[in-house]
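Summary of the model geometry
Here's the letter readout for the chains.
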4 protein chains.
Amino acid sequence: MSISDSPSRLEAVSAPHQPDVTPALDDLYRGFEQELLIPLWTEIGDLMPVHPRSKAVPHLWSWDRLLRLAERAGELVPVGRGGERRAIALANPGLGGRPYATPTLWAAIQYLMPGEDAPEHRHSQHAFRFVIEGEGVWTVVGGDPVPMNRGDFLPQAGWNWHAHHNAASTPMAWLDGLDVPFQYVVDAQFYENGRDVISDAERITPERSRSELLWGHPGLRPLSVAPEPGGSPLLNYKWEFTNQALKDQLTLEKGGFGGTVEPGHAAIRYVNPATGGDVMSTIRAEFHRVVRGAETAPVLETGSSVYAVFDGSGTVTVGDTTWSVTRGDLFVVPSWQEFSVRSEAGSTDSDEGALDLFRFSDSPIFEALHLNRTEIGG
Amino acid sequence: MSISDSPSRLEAVSAPHQPDVTPALDDLYRGFEQELLIPLWTEIGDLMPVHPRSKAVPHLWSWDRLLRLAERAGELVPVGRGGERRAIALANPGLGGRPYATPTLWAAIQYLMPGEDAPEHRHSQHAFRFVIEGEGVWTVVGGDPVPMNRGDFLPQAGWNWHAHHNAASTPMAWLDGLDVPFQYVVDAQFYENGRDVISDAERITPERSRSELLWGHPGLRPLSVAPEPGGSPLLNYKWEFTNQALKDQLTLEKGGFGGTVEPGHAAIRYVNPATGGDVMSTIRAEFHRVVRGAETAPVLETGSSVYAVFDGSGTVTVGDTTWSVTRGDLFVVPSWQEFSVRSEAGSTDSDEGALDLFRFSDSPIFEALHLNRTEIGG
Amino acid sequence: MSISDSPSRLEAVSAPHQPDVTPALDDLYRGFEQELLIPLWTEIGDLMPVHPRSKAVPHLWSWDRLLRLAERAGELVPVGRGGERRAIALANPGLGGRPYATPTLWAAIQYLMPGEDAPEHRHSQHAFRFVIEGEGVWTVVGGDPVPMNRGDFLPQAGWNWHAHHNAASTPMAWLDGLDVPFQYVVDAQFYENGRDVISDAERITPERSRSELLWGHPGLRPLSVAPEPGGSPLLNYKWEFTNQALKDQLTLEKGGFGGTVEPGHAAIRYVNPATGGDVMSTIRAEFHRVVRGAETAPVLETGSSVYAVFDGSGTVTVGDTTWSVTRGDLFVVPSWQEFSVRSEAGSTDSDEGALDLFRFSDSPIFEALHLNRTEIGG
Amino acid sequence: MSISDSPSRLEAVSAPHQPDVTPALDDLYRGFEQELLIPLWTEIGDLMPVHPRSKAVPHLWSWDRLLRLAERAGELVPVGRGGERRAIALANPGLGGRPYATPTLWAAIQYLMPGEDAPEHRHSQHAFRFVIEGEGVWTVVGGDPVPMNRGDFLPQAGWNWHAHHNAASTPMAWLDGLDVPFQYVVDAQFYENGRDVISDAERITPERSRSELLWGHPGLRPLSVAPEPGGSPLLNYKWEFTNQALKDQLTLEKGGFGGTVEPGHAAIRYVNPATGGDVMSTIRAEFHRVVRGAETAPVLETGSSVYAVFDGSGTVTVGDTTWSVTRGDLFVVPSWQEFSVRSEAGSTDSDEGALDLFRFSDSPIFEALHLNRTEIGG
């Protein structure tokens, strides 16, 4: 390779811990460039920092503006094979204009018009939907129609066939989360198109999916099926159960018993009922409720998260940044940035008006590889 | 040791594959006895059979007669420290008059009179209760009062403090299952007495235990507590969920989808929500529903089971034995005996009158040690 | 069942924590007997003790006397199909004349005459051989001839075909260990006869088995084969490696570094190179070296062990019993009996004359089921 | 954020599966840019390909030229705190001038002059050294001096303190492998400086490290220490064992038995003796020997690898690229590129002149997350 074609560019600079700048060093650097080599001593500060210093930055997206643009896209952009989905992704301003909410996570608003279908496909990327507004859409996973309503969480492990259809008379919008950036950077991704049109049998709209009939009972599993590795066999975690679990934790706290993470802070993790572990091998999903007037202790964690404000309002602090947030807003917490939230002032005696946060993160990657760390900040 | 004291007794017999009976052989056998030695060649047929040949035999206990004796015990035998529990155990006729339902499992009727308390203790033996009749008793586990009602399954992992109290105006009877024989034979058991009297705070009678508030939501786990190894953190698997799960499987079958184990045979396993695995490390618990007119395929499995007929009636075949069974009856399936059930004739279109069977077994021991085998019989 | 046929026998006795002896109680007990029931209150002291109280007792077998009887059996008892092996088992005096060293473990001397073959069979019972004296026998496992020499440990996971042949001009004796009692009591055992005669190709006598060529390299595994669950793919753990590992630990200790279990006490566990875990799912094997003048701290453990004195001499204490032991002796440590050893006095500076102990135990059963406990005694 | 500051740039283009280019669409795209949003329909072809299409390209680095530049760096660049190491990294030409051999792996030549020390540090990045040429350097890990000689493999799990010192009179060069790019992109990395100078006690040069005394015996583990999660406790996998394991596999093949991966292709994986699994949670290391005249079947795998030609010569094909390779050369196989090697022609009857390849890869990441796939190509 000629030097001019090499993507490597090395400049000898006079700096502490750097070799003396001499013509010989310059020659050496030209040799490195020609041979596609880069020395550690010019890179170590960036490559091996004392702690994670993410290129991703904390950022907040306002739901109102997101939704307005999604509606406009609903008018202008057809959904169908090729584009596949009317999904509009958060692009973290620190990540060079890529459609990445964080270095590992994709987060998008997906918007479906009345009567529209999104065609069937499958991919190795793990995905989920979390419904912020609306009802009337069914996602059809492996032929099983799964209803979607506000507050429902629908994991979709990699390589399952899936399509969507909107049986309602109104548009619907939800949050899509995937591990697209992660699988992109490590070169893991596979993709395949399915049928262009789903069958009439899949167009029925049952109240509960077949997956819920089999796996949606607390502490019970069917003997008839063995779950597959990679992801949860339960395709809809209905809001009523999530809400009840959070209420129950706060009831325990009021009774003087443990149950909440910290005072006024209830939280659940969505888990695979066949393993008790995360719903997917790369994505963790949780729901946090912070009652009025309560705040969470500042925490630093390896790995990145995306939060959706499901309800309530309050203030959020990520590193040096503090925002006011309200229903529908989305924000990002990069790796090892101190994070805390404070719910709007009010009576802590009731769950009314609590700050409800849906969260997803790449924590399972860190835990599987023994790279996770947590530290209490403040 | 003198020969006469030795528990070993060897007799030289003339038989195929046995050494010639000579005075020298007799001398050798006397030497073996003196030195506490036993040769393989006199034992191998019994010790190393072609397949498991359990000393335990199939046996059926009639609920009516059990209950009558339990009631009589209620009048004559006080419950309290020392005897600890008014529990009456099944003694398999093949097991030499020991209180063992199978070589590994203890099964007993426990009977509590109105107002009675059973004192607090803990033991390394894993235990559960399954309520065949009645309501109004609370088992207090680690200070958490857990209600018991017909059809409820209450696992109780080893070394948890527990007591019972009967807040009702009528006696109550339930099935107790433990791994007492297993822990006895391998010498694993520890035991400790707790308080003689539980506190008034534990005498409250909530509808749901604290464990259910934390762990009784499908596919959700609390972030606030880490479960302990050894057993399920969920202390009551309420009948309404079990019943619904079985109904749902039959609904799937009627819709033409998988869901049942075989036609007309729905079944669930009770699992630890923190792991998806068995509720205890030595005991598996399941519930089977066989609709009217249906029958199950004959199966041979390593390991032994105890069944309780929760509802319905039908016939059960274990090895060469067939019984008619009805509500409340208890029976035993020893290791590697062919097993099948047939529900009473009737309309298979409805769940009404189905044969409902609670089962517990020692399967987790076999699976953990890679000793499990299954074979379809017939 | 008539009362007289019932194996259950209950006697109402006047004792603390027992119900008042009355005719009514007597009637109740007769009812229990007839219905094959046994109440907890008459059994609890034996069944649920404060800590394990094994029926097995500490016992020592002298190698000299064992060997003499084995030699005599060599003259009188042919080896071959039916008896299968010329194996002479230790019968713990507390276990009712059964050929059980402990409630879960079988330990036997196996003795093969020059030129003799033991026919091929397989069984679900896990087995191993440990060579106390001699050389010249090959065990043929799945067609792979494995040499046996003094100090070698040869695990033999369940359901592998195996035969033995003695290519030497002298008899040979070794220790056989199996989980026969455990699999017998839980009814897990399967057995199958193989070929009566092994092929000439298996009669070759290589220095290393094929299993050692594949799996006998430290920290390296072959890419060509996937190991099977249940047991180690390495069929011979040669003495030279065991001895070197123990020497190395003592070298570390002399250099002021950690390495030994306690001063003067080196120990290794034989592990499955494919998992780092125990060589078999029910049996653990270890080798301990206690240098002259050293002693081990008293320990109580759940589970039972059999020890073979490989070399050296000293004193062993199990519970209230103390023995002098010397080369070849075998002894048993029941569950939860305090155990310690003291090596014969002498210079601790050298490994010469150390007390070398081979040990096998049922610990993997306890660990797999979370029933293990350990306590420092003294 | 003003549009001009946004890193997102969207251009409406007329293309299949793209919405009609209209002023309204253009307005929408401006809105997306302003709000830091990117639609899926403009990105899906790149982001979600049918199979992995790595930015990394196959590339070969010549050992001669690498070594010459490393020697020159030895003269010009001091080793010491700040630069930390005289390491020169391969920069894959497809990865934008970053010092990344593949998207997840760092590979570098490290070069140490006689008498030089590299100062102590630790980092969360997993690392290893593999010695291509020379001897006389000790890496000091947690105070344990570990010798390095040609063919030795030295894993260094994350967060262990380590330093190097060269006790020889000649320079030494080895291959460094780390997961630097992976930990960089997911933001996992931590770093800490240790002592500037190692102690005299660590400057001793034993033949075997303490880790080898404890863990370097086949199928044996010390009872005295519990291994830590994250990486292998064995710090040197000496060449003599690797070489012997490969010879043994070829011996088995010659005897007509399984043992090699395919004809003439022997291979081992370096494993953690405490688990049987990979030496580190993110890096797999293997050694392959292809005898003269043999070739390997083409294979596609998810994940990327770096190979070092340890000895011999032959041709390597990666995707559409074929190179001649010889001793010391390094090359890269990106994810899902078909890979095969052919050893130089010659007698296959002897190991002499075989093509010996050291390989490391990111496969553990894929397996831990259930993202691994393999396909036979050709």
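Residues numbered from 1 in each chain as written. Chains lettered and ligands numbered in written order. Predicted model: local features only at pLDDT ≥ 70, side-chain atom pairs only at ≥ 80, totals over all residues. Heavy atoms only, no water.

**As for the overall build of chain A**
Assigned secondary structure in chain A consists of 7 helices and 23 strands. By the compact-globule yardstick of 21 Å for 378 residues, chain A fits well, its C-alpha radius of gyration being 23 Å. With respect to the three principal axes, the spread of C-alpha positions in chain A is 75 × 55 × 45 Å. Expressed as a percentage of its 378 residues, the buried residues of chain A come to 63%. Accessible surface computed for chain A: about 12900 Å², of which carbon and sulfur atoms make up 49%. Of the charged side chains in chain A, 30 are positive and 50 negative, and the gap between their average positions amounts to 4 Å. (Helix = DSSP H or I, 4+ residues; strand = E, 2+ residues; numbered from the N terminus. Rg over C-alpha atoms; globule rule 2.2 N^0.38 Å. Buried < 20%, exposed > 50% of the residue type's maximum accessible area, 1.4 Å probe, protein only. Areas by Shrake-Rupley, 256 points an atom, 1.4 Å probe, with all protein chains shown as cover. Lys, Arg positive; Asp, Glu negative; His and termini not counted. Charge placed at Lys NZ, Arg CZ, Asp CG, Glu CD.)

**What about the side chain of H165 of chain A?**
As for its position among the elements, H165 of chain A is in strand β10 (residues 162-166). The contacts of H165 of chain A, once residues within four sequence positions are left out, are L112, E116, D117, G136, V137, W138, V140, I198, E202, R203, I204 and T205 of chain A. (Contact = heavy atoms within 4.5 Å.)

**Quick notes on the sheet that holds strand β14 (residues 265-270) of chain B**
On the basis of which strands lie adjacent, the open sheet formed by 7 strands has the order β13(A)-β14(B)-β15(B)-β22(B)-β17(B)-β20(B)-β2(B) and antiparallel pairing. Two strands in the sheet have a free side with no partner beyond their single neighbour: β13 (220-222) of chain A together with β2 (59-61) of chain B. The average undirected angle you get between the axes of adjacent strands in this sheet is 25°. (Pairing = 2+ DSSP bridges. Axes fitted to C-alpha atoms, helices over the stretch in contact; angles between N-to-C directions.)

**Focus on helix α3 (residues 63-76) of chain A**
All names here are of chain A. Here α3 is 14 residues long and its end C-alpha atoms lie 20 Å apart, about the 20 Å a rise of 1.5 Å per residue gives. Listed as buried for α3 are W63, L66, L69, A70, A73 and G74. Down the axis of α3, the buried set is contained in an arc of 155°. They therefore lie on one face. Facing away from the buried surface of α3 by more than 90 degrees, the exposed residues are D64, R68 and E75. (Expected span 1.5 Å × (residues − 1). Arc of directions from axis to C-beta.)

**Let's talk about the interface of chain C and chain B**
In this assembly, 92 residues from chain C lie in contact with 92 residues from chain B. If you sort the residues of chain C by the area they bury against chain B, L47, D187 and F190 of chain C come out on top, with a joint share of 9%. Inspection of the chain C/chain B interface yields 4 salt bridges. In this structure, E35 of chain C engages R65 of chain B in a salt bridge whose closest nitrogen and oxygen atoms are separated by 3.6 Å. Linking chain C with chain B are 28 residue pairs in polar contact (both at pLDDT 80 or more). At the level of elements, α1 (23-34), β1 (37-39), α2 (44-47), β2 (59-61), α3 (63-76), β3 (87-90), α4 (180-186) and α7 (363-368) of chain C are the ones that each hand at least two residues to the side of chain C that touches chain B. (Buried area = accessible area lost by both parts, 1.4 Å probe. Salt bridge = Lys/Arg side-chain N within 4 Å of Asp/Glu carboxyl O. Polar contact = N/O pair within 3.5 Å; in protein donor to acceptor, adjacent residues only side chain to side chain.)

**With respect to the pattern of salt bridges**
One pass over the structure, following the stated rule, counts 106 salt bridges over all chains. One salt bridge in this structure joins R129 of chain A and D176 of chain A, with 2.9 Å as the shortest N-O distance. In this pair, R129 of chain A sits in strand β6 (residues 127-133) while D176 of chain A sits in strand β11 (residues 172-178), placing the two residues 47 residues apart along the sequence. You'll find R129 of chain A and D176 of chain A in the same group, each marked buried. A salt bridge links R72 of chain D to E75 of chain D; the nearest nitrogen and oxygen atoms lie 2.7 Å apart. Note that R72 of chain D and E75 of chain D are positioned in helix α3 (residues 63-76) at a spacing of 3 residues, about one turn of the helix. What you see here is one network of salt bridges that share partners, running through R269, E286, E301 and R359 of chain A.

**Here we look at the relation of the copies chain C and chain B**
Superposing chain C onto chain B takes a rotation of 180° plus a shift of 0.0 Å along the axis, which leaves an RMSD of 0.0 Å. Taken together, the turn and the small shift mark the pair as related by a two-fold rotation axis. Taking the C-alpha atom as reference, chain C places A368 of chain C closest to the rotation axis, 3.1 Å from it. Both copies share a contact surface, since 100% of the interface residues of chain C are interface residues in chain B too. (Least-squares fit on C-alpha atoms with pLDDT ≥ 70 in both.)

**A short note on the interface of chain A and chain B**
At the interface, 36 residues of chain A touch 37 residues of chain B. When chain A packs against chain B, the two sides together hide about 3200 Å² of surface, and 69% of this comes from carbon and sulfur. Taken as a group, P218, L220 and L223 of chain A account for 20% of the area that chain A buries against chain B, more than any other trio of residues on that side. Viewed at the interface, chain B and chain A are joined by 2 salt bridges. The salt bridge involving D248 of chain B is made with R208 of chain A; its shortest N-O contact spans 2.8 Å. Remark: the boundary between chain A and chain B carries 12 residue pairs in polar contact (both at pLDDT 80 or more). Of all the secondary structure elements, the ones that give two or more residues to the side of chain A that touches chain B are α5 (210-215), β13, α6 (239-254), β14 (265-270) and β15 (284-290) of chain A. With 7 residues, α6 of chain A is the single largest residue contributor to the side of chain A that touches chain B.

**Focus on the pairing of strand β5 (residues 117-123) of chain A**
All names here are of chain A. In terms of residue burial, β5 counts as a mostly covered element, since 6 of its 7 residues are buried. Bridge count between β5 and β10: 3 bridges; the pairing is antiparallel. Bridge pairing in β10 links H121 to H162. Pairing of β5 with strand β12 (residues 191-193), which is carried by 3 bridges, proceeds in the antiparallel orientation. Paired with H123 across the strands is Y191, a residue of β12.

**Some words on the pairing of strand β19 (residues 321-326) of chain A**
Residues and elements named next belong to chain A. Where strand β18 (residues 313-318) and β19 come together, 6 bridges link them in antiparallel fashion. Bridged to T317 within β19 is T322. Following β18, the chain reverses through 2 residues before pairing antiparallel with β19; G319 in that reversal takes a positive phi of roughly 55°.

**Observations regarding the packing of helix α1 (residues 23-34) of chain B against α3 of chain C**
Following both chains from N to C, one finds α1 of chain B and α3 of chain C inclined at 155°, their axes separated by 10 Å at the closest point. The pairing of α1 of chain B with α3 of chain C is recorded here as roughly antiparallel in orientation. α1 of chain B and α3 of chain C meet at a crossing whose hand is left-handed. The residues of α3 of chain C that touch α1 of chain B, namely those facing A24, L25, L28, G31 and F32 of chain B, are L69, R72, A73 and L76 of chain C. Considering only residue class, the contact of α1 of chain B with α3 of chain C consists of 7 nonpolar, 1 polar and 1 charged. (Parallel < 35°, antiparallel > 145°, perpendicular 65-115°, else oblique. Left-handed = near helix turned anticlockwise from the far one by under 90°. Nonpolar A, V, L, I, M, F, W, Y, C, P; charged D, E, K, R; others polar.)

**Description of the domain arrangement of chain A**
Residues and elements named next belong to chain A. What the domain assignment reports for chain A is domain 1 (10-47), domain 2 (59-215) and domain 3 (239-376). Taking only C-alpha atoms, the centre of domain 2 and the centre of domain 3 are 23 Å apart. With 36 residues of domain 2 at the contact, the number on the domain 3 side is 31 residues. Where D311 meets R150, a salt bridge forms, and the shortest distance between an N and an O atom there is 3.7 Å. (Domains from an automatic or database assignment.)

**Points about the relation of the copies chain A and chain B**
For the pair chain A and chain B, the relating rotation is 180°, the translation along its axis is 0.0 Å, and the fit reaches an RMSD of 0.0 Å. Both copies contact each other with a shared surface, as 100% of the interface residues of chain A are interface residues in chain B too.

**Focus: the environment of T322 of chain D**
Residue and element names in this part refer to chain D. Locating T322 in the fold gives a position in strand β19 (residues 321-326). For the pair formed by T322 and L178, sequence separation is 144 residues and the distance between their alpha carbons is 26 Å. Apart from the residues lying within four places of it in its own chain, the contact partners of T322 are T315, V316 and T317. Among the polar contacts listed, one links the side chain of T322 to the side chain of T317, at a separation of 3.0 Å.

**Overview of the confidence of the model for chain A**
Of all residues in chain A, 98% attain a pLDDT of 70 or more, and the chain-wide mean is 94. Here the prediction assigns the complex a pTM of 0.96, and the interface score ipTM is 0.96. (pLDDT = per-residue confidence, 0-100.)

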